[in-house]
Amino acid sequence: MDYLLTEEQVMLRDLCRQITDEKIMPIAAELDRTEEFPWGVVKVMADSDIFGTFIEEKYGGMGGGLLELCIATEEFSRGCAGIALAFSATALGTDPIILFGNEEQKEKYLPSIASGKKLAAFAITEPAAGSDASAMQTTAKKDGDHYILNGTKHFITNGGEAEIYTVVAMTSKDRGARGASVFIVDKGTPGFTFGKKEDKLGIRGSATRELIFTDCRIPKENMLGKEGQGFLIAMKTFDMSRPGIGAQALGIAQGAFEAAVKYAKERKQFGKSISSFQGIQFMLADMATQIEAARALIYASARQIDAGRTKNISKDSSMAKLFASDMAMKVTTDAVQIFGGYGYMKEYPVEKYMRDAKITQIYEGTNQIQRNIIALNLVKETTKS
Amino acid sequence: MNIIVCIKQVPDTTQVRIDPVTNTLIREGVQSIINPFDMYAIEEGVRLKEKYGGKTTVISMGPPQAETALREAISMGCDEACLISDRAFAGSDTLASGYTLAMAIRKIKDYDMILCGKQASDGDTAQVGPGIATQLDIPQVTYVKKIEDIKDNHATVERMTEEGFEIVKTSLPCLLTVVKEINEPRIPSLKGRMKAKKAEITSWKAIDLDLEEDKLGLKGSPTWVSKIFTPPPRPKGHILEGDPEETTTKIVDELKNRLI
Amino acid sequence: MSIQIIKDKCTGCSLCVKVCPFGALTMVSKKAVIDLDKCTLCGACVDSCKFNAIDLKRDSSKTPNIEEYKGIWVFAEQKKGAVQSVVYELLGKAHELSEKLGSEVSCVLLGHNIKDKAQELIHRGANNVYVVDAPELEHYLDEPYTKAIVNLIRKYRPEIFLCGATFIGRSMISRVAVKLHTGLTADCTGLDIDEKEKYLMQTRPAFGGNIMATILSKNHRPQMATVRHKVFKEASIDKTRKGKIIEETIPKTLLTSRTKILDIVEEITSTVNIAEADIIVSGGRGLKGPENFAMLEELAKVLGGAVGSSRAAVDAGWMPYSHQVGQTGKTVCPKLYIACGISGQIQHLVGMQSSNIILAINQDPCAPIFTVANYGIVGDVFQVVPLLTKKFKAALNR
């Protein structure tokens with residue numbers, strides 16, 4: 001379907017596609033095995049100005065918006081969602097700075113992210129605080145001109161590889177929703193260490209680690225926005241980033257689908273290509289339709305946000321993430337089915353897509369939470385009218 | 001340093017077919033790409049400029065659509081581009097092409113080095129690079145796999161041979177033809193692509209270049225193609241499937257007599 | 001067509017006198033004078049004059065006195081005093097062509113202390129060997145070799161000039177053809193003489209081998225062509241053959257070079273240069289990793305062959321580039337080419353499809369490699385190759 005992308009957006013898409021075909025696809029299977037971090041691809045992305053896609057020109061970026069981010073994420077994820085995360089998780093980690101950073105903070109951090117010199121990560125999840133973010137226990141105690149961080153974050157994408165971390169911590173225990181704040185923490189700050197690297201089902205080309213804060217002193221200038229704005233910043237960040245996760249799921253589904261179509265044409269059984277059997281044809285048709293629907297939903301919600309219509313975006317961006325990730329799980333499972341026995345073998349690329357797709361239904365707000373958000377917003381809307 | 005890179009736009013080799021009725025090339029629908037070896041020349045030209053300072057100019061002789069190739073070269077980092085295009089050049093063989101390109105380079109005047117790919121994937125002759133060097137009466141080194149150093153108006157390079165390589169020093173200006181060992185061409189950045197989109201490309205016709213008419217195009221080409229044909233297909237082979245024990249035994253039986 | 005000396009510009013340096021192959025120039029009162037009876041309008045003097053004092057008006061659409069060009073010449077490429085085997089292949093073909101033309105076959109041999117090699121060339125079928133022995137020519141350098149060859153061609157005017165499509169040959173011949181303003185066809189796979197008009201018909205692949213083209217150079221001489229190694233059969237050695245060895249001297253001014261060789265590095269590869277091998281066992285992406293090339297080496301050893309590689313395996317770092325077969329690697333034409341786990345993309349086929357016998361092993365029955373294979377096994381390389389090794393070992397008693 002023609003989404004009437006601008007010339008620049010088409011240029012970006014073609015560039016990302018070229019990087020995916022030439023640099024990501026050839027190493028996807030190996031990095032899935034070795035779990036090595038894709039620094040080589042990060043360099044290519046950096047040299048190609050991709051990290052500047054979502055950052056203002058003023059700070060060395062290319063001045064694009066969320067749609068550009070989604071286009072890039074979709075293309076890279078078609079190659080390997082894990083490798084793509086080096087880029088897209090950096091975008092997530094940078095969003096709080098873009099949305100709530102003051103001029104000094106933006107000037108300090110955005111240029112090195114835009115140039116791809118430094119990666120970023122967003123840290124909110126803790127062992128006891130997943131969907132229930134308010135249960136977090138990492139504290140940030142004010143001490144003169146500093147805050148002292150104590151606590152552990154886990155399941156942090158880009159953990160250990162990123163240089164810049166936006167961390168949500170409790171600044172006051174008894175203020176409920178106003179109890180948290182967001183801080184920028186540089187890697188190497190004394191008291192900031194990393195825990196083990198997780199051994200995951202999928203997105204194994206991405207590094208997932210614990211962040212451990214032990215009396216970690218950070219200057220008060222590193223706080224984003226005002227004290228107590230932590231949950232607000234987190235929610236606004238997720239509103240913006242959900243279409244991006246949707247784009248990741250979309251890319252995974254697209255990659256699996258393309259492999260399935262190619263295989264169906266080549267595989268002969270009963271004297272014909274299996275693509276001539278109606279059973280397979282119906283599966284492929286449904287997969288293609290679902291993918292296109294997800295794409296349309298993601299692009300529409302991204303465009304909306306880019307156009308500045310940021311008032312009620314929670315519901316729309318949730319829908320984009322929810323639909324695309326559920327779709328990706330179904331499409332990748334169907335792709336394995338189309339491959340039959342071969343689909344189950346690691347030698348063939350499609351089982352990886354299925355393993356990679358699962359996380360998109362879980363992180364950045366489980367799909368159950370997404371349904372909560374959508375429902376609550378629906379109720380709010382009908383209550384108003 | 002002033003560097004000139006010569007490139008050629010060629011059809012994507014994998015897609016070329018002959019029309020069985022007319023015995024001519026089917027060009028429609030075949031994608032055009034920059035000759036793969038020229039990509040290495042462009043990359044080296046940009047790297048040299050980044051290392052020694054100066055300017056890289058990319059030129060190409062071809063039909064108007066060759067402009068897309070020049071823009072791609074700009075997106076990789078070339079500073080200026082020049083398209084040499086005229087109906088009069090049609091039918092040029094390597095001699096006429098070398099002459100025309102050499103005259104264009106003469107017009108550009110200031111250059112320290114000319115870079116070309118080892119050969120073009122359509123003609124595969126590897127003749128134009130040396131042809132240009134001869135027309136300009138400058139030294140050449142072919143099959144360059146590494147440029148070690150440029151100093152005191154000389155270039156020291158590694159030249160491939162069948163047994164290994166030679167280290168060769170040549171005076172500037174010179175012409176080098178490069179092989180793929182020399183570098184890894186970069187993927188053009190977004191900034192590069194945007195620059196390429198807006199870039200102004202100089203275009204020269206025959207009249208701009210002070211050329212001798214009888215050295216151009218068909219007239220200036222001593223060689224010409226008298227016939228093209230598809231190579232005779234190989235006879236259909238015996239393809240065996242099944243139990244490897246059986247298939248390997250059959251094959252060994254067939255081949256063992258032909259090997260002794 | 002005409003030639004004349006621009007007296008105002010002539011400084012009497014007499015460089016032109018030295019380079020003229022026909023002795024058509026003399027100095028009279030410190031100005032050059034051309035003997036038009038001896039002059040063939042070859043242009044050697046124009047090239048040498050630093051003052052643009054010689055005006056040659058020539059119709060470049062045709063080599064002047066084209067009917068006077070006779071003979072087939074072969075460039076006898078030598079490296080470190082050893083004549084390259086492609087030269088013998090060219091001599092074989094040159095002999096065939098000479099019978100159809102009724103002309104002689106000559107070799108031109110450049111080098112230092114190489115006079116003794118001339119006899120070898122005569123045994124291989126050269127009627128004449130023109131030898132230029134000079135220290136400047138010890139190692140190949142573009143400029144002195146080009147100028148020496150151009151000088152000899154201008155003097156003797158051969159009708160056809162053949163050269164091996166080697167690193168040296170391709171580099172040199174392009175310059176020579178431009179200097180002589182004549183036609184050159186590269187990488188010919190076929191050479192023949194047109195029955196009626198007696199032109200040299202030069203056939204070569206284009207577009208990566210998808211298409212064959214026959215090329216003519218009707219109006220220019222010599223008709224020049226390069227031929228790759230192993231395309232034609234070597235001429236047989238006949239020690240009873242007799243021929244003439246003609247020693248030629250080239251003016252020193254033509255043997256200067258703006259390029260110098262600082263060092264020659266030979267890279268020792270563990271196996272023989274694959275382009276020379278009669279049997280090649282080649283591996284591709286289907287081998288899955290570098291360690292699996294060991295099983296190909298075993299099969300190659302049993303068969304007495306070399307190991308080759310597709311581009312995919314070289315790009316993945318499993319094999320060195322010197323083993324790469326294909327469009328951007330080497331072209332090979334062995335008696336037997338065994339392609340293991342190679343899909344057979346056109347870029348690979350182009351490098352090996354003229355092999356005598358092709359055996360392909362691939363688990364995908366639709367792999368393009370099977371379209372060029374004489375024999376194929378659809379199966380798992382990891383099962384098939386060791387079995388072949390075992391069975392060939394037994395069959396060939398190795």
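Scoring rules and cut-offs
- Residues numbered from 1 in each chain as written.
- Chains lettered and ligands numbered in written order.
- Predicted model: local features only at pLDDT ≥ 70, side-chain atom pairs only at ≥ 80, totals over all residues.
- Helix = DSSP H or I, 4+ residues; strand = E, 2+ residues; numbered from the N terminus.
- Buried ≥ 20, exposed ≤ 12 C-beta atoms within 10 Å, placed from the backbone.
- Contact = placed C-beta atoms within 7 Å.
- Domains from an automatic or database assignment.
- Nonpolar A, V, L, I, M, F, W, Y, C, P; charged D, E, K, R; others polar.
- Expected span 1.5 Å × (residues − 1).
- Pairing = 2+ DSSP bridges.
- Right-handed = clockwise from strand over helix to strand, strands pointing away.

### Here's the deal with the overall build of chain A
Tallying secondary structure elements over chain A gives 10 helices and 10 strands in all. Its C-alpha atoms give chain A principal-axis dimensions of roughly 80 × 55 × 40 Å. Looking at chain A as a whole, 52% of its 385 residues are labelled buried. Nonlocal contacts in chain A, meaning residues at least 24 apart in sequence, comprise 75% of its contacts between residues at least 6 apart.

### Thoughts on the overall build of chain B
Looking only at helices and strands, chain B has six helices and 15 strands in total. In terms of overall dimensions, chain B has a C-alpha envelope of 70 × 45 × 40 Å along the principal axes. Taken over 260 residues, chain B has a buried fraction of 50%. Residue pairs in contact within chain B that sit at least 24 positions apart in sequence constitute 71% of those at least 6 positions apart.

### Some remarks on the domain arrangement of chain A
Residues and elements named next belong to chain A. Here the domain parsing of chain A yields domain 1 (7-119), domain 2 (121-228) and domain 3 (231-384). Relative to domain 3, the C-alpha centre of domain 2 lies at a distance of 29 Å. Facing 13 residues of domain 2, the contacting portion of domain 3 comprises 10 residues. Considering only residue class, the side of domain 2 that touches domain 3 consists of 10 nonpolar, three polar and no charged.

### So, helix α6 (residues 244-259) of chain B
Over its 16 residues, α6(B) extends 21 Å from the first C-alpha to the last, a length consistent with the 22 Å expected when each residue adds 1.5 Å. Every buried residue belonging to α6(B) is among Pro244(B), Thr247(B), Thr248(B), Ile251(B), Val252(B) and Leu255(B), and all of these are buried. On its buried face, α6(B) is in contact with β15 (238-241) of chain B together with β21 (357-362), β22 (375-378) and α10 (381-396) of chain C.

### Focus: the pairing of strand β4 (residues 164-170) of chain A
Residue and element names in this part refer to chain A. Most of β4 is tucked away, with seven of its seven residues classed as buried. In β4, alternate side chains face the same way, and those of Ile164, Thr166, Val168 and Met170 on one face and Tyr165, Val167 and Ala169 on the other are all buried. Bridge analysis of strand β1 (residues 120-123) against β4 gives four bridges, and the strand direction is parallel. Across the sheet, Ala121 pairs through a bridge with Tyr165, a residue of β4. Relative to strand β5 (residues 180-186), β4 is paired through seven bridges, and the arrangement is antiparallel. Residue pairing for β5: Ile164 is matched across the bridge by Asp186.

### Some words on the pairing of strand β9 (residues 128-133) of chain C
Residues and elements named next belong to chain C. The sheet contact formed by strand β8 (residues 105-111) and β9 spans six bridges and is parallel. If you follow Leu110 over to β9, its bridge partner there is Val132. Considered for its hand, the β-α-β crossover made up of β8, helix α4 (residues 118-123) and β9 is right-handed. Across four bridges, β9 lies against strand β16 (residues 244-247) in parallel orientation. Bridge pairing in β16 links Tyr130 to Ile246.

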